[in-house]
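# Structure assessment
Here's the letter readout for the chains.
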Amino acid sequence: MKTLRSHFRTATLALGAAGLFASQAMAIPVIAPDQPSPIVLAASDCYAIGQQVAQQNGGTLAKASASTRGGQPVCVIVVLVPGKDGQRPRRSEIVVPQN
């Protein structure tokens with residue numbers, strides 16, 4: 001009986017190890033084409049564009065996000081322009097082409 005258990009244990013360990021190696025072989029990442037993510041690049045470009053727009057309007061950049069309007073990529077920039085005579089800032093939303 002001991003030999004049957006030892007053979008069964010050896011076979012179980014061998015099958016378990018084979019399954020582990022097979023699952024690791026399947027877990028190898030597939031090589032994807034080297035293309036940058038357009039969303040990340042657009043977000044950083046929109047932030048830089050937003051800083052320029054805020055400086056031109058004499059305000060502070062509150063938000064810069066990428067969007068699509070009419071099929072064209074645009075940046076939606078929100079600038080807080082200081083109010084007159086100590087009043088609260090005005091919120092100005094400006095849409096700028098992304099290119």
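Nothing here was measured: the structure is a model prediction, and the numbers come from that model. (Residues numbered from 1 in each chain as written. Predicted model: local features only at pLDDT ≥ 70, side-chain atom pairs only at ≥ 80, totals over all residues. Heavy atoms only, no water.)

## Concerning the overall build of the protein chain
Definition in use: Under the DSSP-based scheme used, a helix requires at least four consecutive residues in state H or I and a strand at least two consecutive residues in state E, with every element numbered from the N terminus. Residue burial is assigned from relative accessible area. The probe radius is 1.4 Å, only protein chains are included, and a residue is buried under 20% of its type maximum, exposed over 50%, and partly exposed in between. Residue contacts are defined here by distance: any two heavy atoms, one from each residue, within 4.5 Å place the two residues in contact. Note on areas: Shrake-Rupley, 1.4 Å probe, and residue coverage restricted to the protein chains presented here.
Within the protein chain, the regular secondary structure consists of 2 helices and 3 strands. Ordered by position from N to C terminus, the α and β elements of the protein chain give α-α-β-β-β. Every one of the 99 residues in the protein chain was classed for burial, and the buried ones make up 15%. If you take every contact in the protein chain between residues at least 6 apart in sequence, the share linking residues at least 24 apart comes to 28%. Carbon and sulfur atoms provide 60% of the accessible area of the protein chain, an area that totals close to 8200 Å².

## Some remarks on the nonpolar core
Our working rule: Residue types Ala, Val, Leu, Ile, Met, Phe, Trp, Tyr and Cys, when buried and joined through side-chain atoms within 4.5 Å, form a set referred to as a nonpolar core.
Counting 9 residues, the largest nonpolar core is built from Cys46, Ile49, Val53, Ala54, Cys75, Ile77, Val79, Val81 and Val96. Among the elements of the structure, helix H2 (38–57) and strand E2 (72–81) are those that each provide at least two residues to this core.

## Re the environment of leucine 80
By secondary structure assignment, the location of leucine 80 is in strand E2. Judged by its relative accessible area of 34%, leucine 80 is partly exposed. Considered as a pair, leucine 80 and glutamate 93 are 13 residues apart in the sequence and their alpha carbons are 8.8 Å apart.

## Considerations on the sheet that holds strand E1 (residues 60–69)
Threshold: Between any two strands, at least two bridges found by DSSP are needed for them to pair. Lines are fitted to the C-alpha atoms to define the axes, a helix being fitted only along its stretch in contact, and any angle between axes, read from their N-to-C directions, falls within 0 to 180 degrees.
The sheet built from 3 strands is open, its strands ordered E1-E2-E3 with antiparallel pairing. The outermost strands of the open sheet, each flanked by one partner alone, are E1 and strand E3 (90–97). For this sheet, the mean angle separating the axes of adjacent strands, direction not counted, is 20 degrees.

## Topic: the state of the cysteines
We count it as follows: Any two cysteine sulfur atoms within 2.5 Å of one another count as a disulfide.
Under the counting rule described, the total for this entry stands at 1 disulfide. Through a disulfide, cysteine 46 is tied to cysteine 75; the S-S separation comes to 2.0 Å. As the torsion about the S-S bond is roughly -75 degrees, the cysteine 46-cysteine 75 disulfide counts as left-handed. Residue cysteine 46 is found in helix H2, and its partner cysteine 75 is found in strand E2; the two are separated by 29 residues along the sequence.

## Quick look at unusual backbone geometry
Backbone geometry at aspartate 85 places phi at a positive 55 degrees, although glycine is not the residue there. Along the chain, the position of aspartate 85 falls in the loop between E2 and E3. Judged by relative accessible area, which is 81%, aspartate 85 ranks as exposed.

## Some points on the pattern of salt bridges
Inclusion rule: A pairing counts as a salt bridge when a side-chain nitrogen of Lys or Arg comes within 4 Å of a carboxyl oxygen of Asp or Glu.
Enumeration according to the criterion identifies 1 salt bridge in this entry. Residues arginine 91 and glutamate 93 are paired through a salt bridge, measuring 3.7 Å at the closest nitrogen-oxygen approach. Relative accessible area serves as the criterion here: at 44%, glutamate 93 is assigned to the partly exposed category.

## Here we look at the confidence of the model for the protein chain
This is how the line gets drawn: The pLDDT value expresses, per residue, how confident the predictor is, ranging between 0 and 100.
For the protein chain, per-residue confidence averages 77 on the pLDDT scale, and residues scoring 70 or more make up 62% of the total. Under a pLDDT of 50 for its full length, residues 37–42 has, in the predicted model, 3 contacts with residues more than four places off or in other chains.

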